[in-house]
Amino acid sequence: MLKSTCLGLALLLAFGAGANGVFMLVSPDGWYAAVPGVTTTGPFNQHFIRDIGLIFVLVGLGLLTGVVRPAVRTLLWSATATWLGGHAFFHLWEVAVGICAPSALLRDFAAVSLPAILTGFLALWSWGQDRRA
């Protein structure tokens, strides 16, 4: 039961990250206008948005590959958790130094902090599976 839940969660996160990344690559201006709070963080930068879009596509591919290739799951899920966790901590730092209002943490939680937390749990679960094997 736990295994199927973790694999299902990884699929959900993979498709979410991948869809976000594709949106960023295909329509950076549309993504910039559509995502709440983005316009308040700085001017539109098509190159930067596409760079980050590539990262989100890779995060999605890493999660998806981990679902179908257990031998590399812990490595890939740990790498994705590291990037997503760093991204979430960067958002916390922006609030801590006064760049963004504390309300940004609540606004960004579902799209930034929650995927980082869940992917971290997936990496830990996978690591535990490896240790048992």
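Anything mentioned here points back to the structure above.
Calculation criteria
Residues numbered from 1 in each chain as written. Predicted model: local features only at pLDDT ≥ 70, side-chain atom pairs only at ≥ 80, totals over all residues. Heavy atoms only, no water. Helix = DSSP H or I, 4+ residues; strand = E, 2+ residues; numbered from the N terminus. Expected span 1.5 Å × (residues − 1). Buried < 20%, exposed > 50% of the residue type's maximum accessible area, 1.4 Å probe, protein only. Contact = heavy atoms within 4.5 Å. Axes fitted to C-alpha atoms, helices over the stretch in contact; angles between N-to-C directions. Parallel < 35°, antiparallel > 145°, perpendicular 65-115°, else oblique. Left-handed = near helix turned anticlockwise from the far one by under 90°. Nonpolar A, V, L, I, M, F, W, Y, C, P; charged D, E, K, R; others polar. Salt bridge = Lys/Arg side-chain N within 4 Å of Asp/Glu carboxyl O. Core = buried A, V, L, I, M, F, W, Y, C linked by side-chain atoms within 4.5 Å.

J.: Can you tell me about helix H1 (residues 2–26), naming the residues and giving the values?
T.: Its 25 residues give H1 an end-to-end C-alpha distance of 36 Å, which sits within 8% of 36 Å, the value for a rise of 1.5 Å per residue. Among the residues making up H1, those that are buried are Cys6, Leu7, Ala10, Leu13, Ala14, Ala17, Gly18, Gly21 and Met24. Of the surrounding elements, those touching the buried residues of H1 are helix H2 (28–34), helix H3 (46–68), helix H4 (70–96) and helix H5 (103–132).

J.: An account of the packing of H1 against H3 is requested, with residue identities and associated values reported.
T.: For the pair H1 and H3, the least separation of the axes is 7 Å and the interaxial angle reads 155°. Judged by the angle between their axes, H1 and H3 are roughly antiparallel. Crossing of H1 over H3 shows left-handed handedness. Split by residue class, the contact of H1 with H3 holds 19 nonpolar, five polar and one charged.

J.: If you had to explain the pattern of salt bridges to someone new, which residues and values would you point to?
T.: Across all of its chains, the model carries one salt bridge by this definition. Where Arg107 meets Asp108, a salt bridge forms, and the shortest distance between an N and an O atom there is 2.9 Å.

J.: So what's going on with the nonpolar core? Residues and values would help.
T.: Core analysis: the biggest nonpolar cluster contains 25 residues, and Met24, Trp31, Phe56, Leu63, Trp77 and Leu122 have the highest contact counts within it. Elements supplying a minimum of two residues to this core: H1, H2, H3, H4 and H5. With near-sequence residues (within four places) excluded, Trp77 lies in contact with Cys6, Leu7, Ala10, Gly62, Leu63, Gly66, Val67, Thr119, Leu122, Ala123, Trp125 and Ser126.

J.: Explain the side chain of Thr80 residue by residue, including any values.
T.: Looking at the element boundaries, Thr80 is found in helix H4. When sequence neighbours within four positions are dropped, the list of residues in contact with Thr80 reads Val59, Gly62, Leu63 and Thr119.

J.: For the packing of H4 against H5, give the residues involved together with the corresponding values.
T.: Interhelical geometry of H4 versus H5 gives an angle of 150° and a closest axis separation of 8 Å. In this view, H4 runs roughly antiparallel relative to H5, as classed from their interaxial angle. In this structure, H4 meets H5 at a crossing whose hand is left-handed. Its residues placed into classes, the contact of H4 with H5 shows 14 nonpolar, ten polar and three charged.

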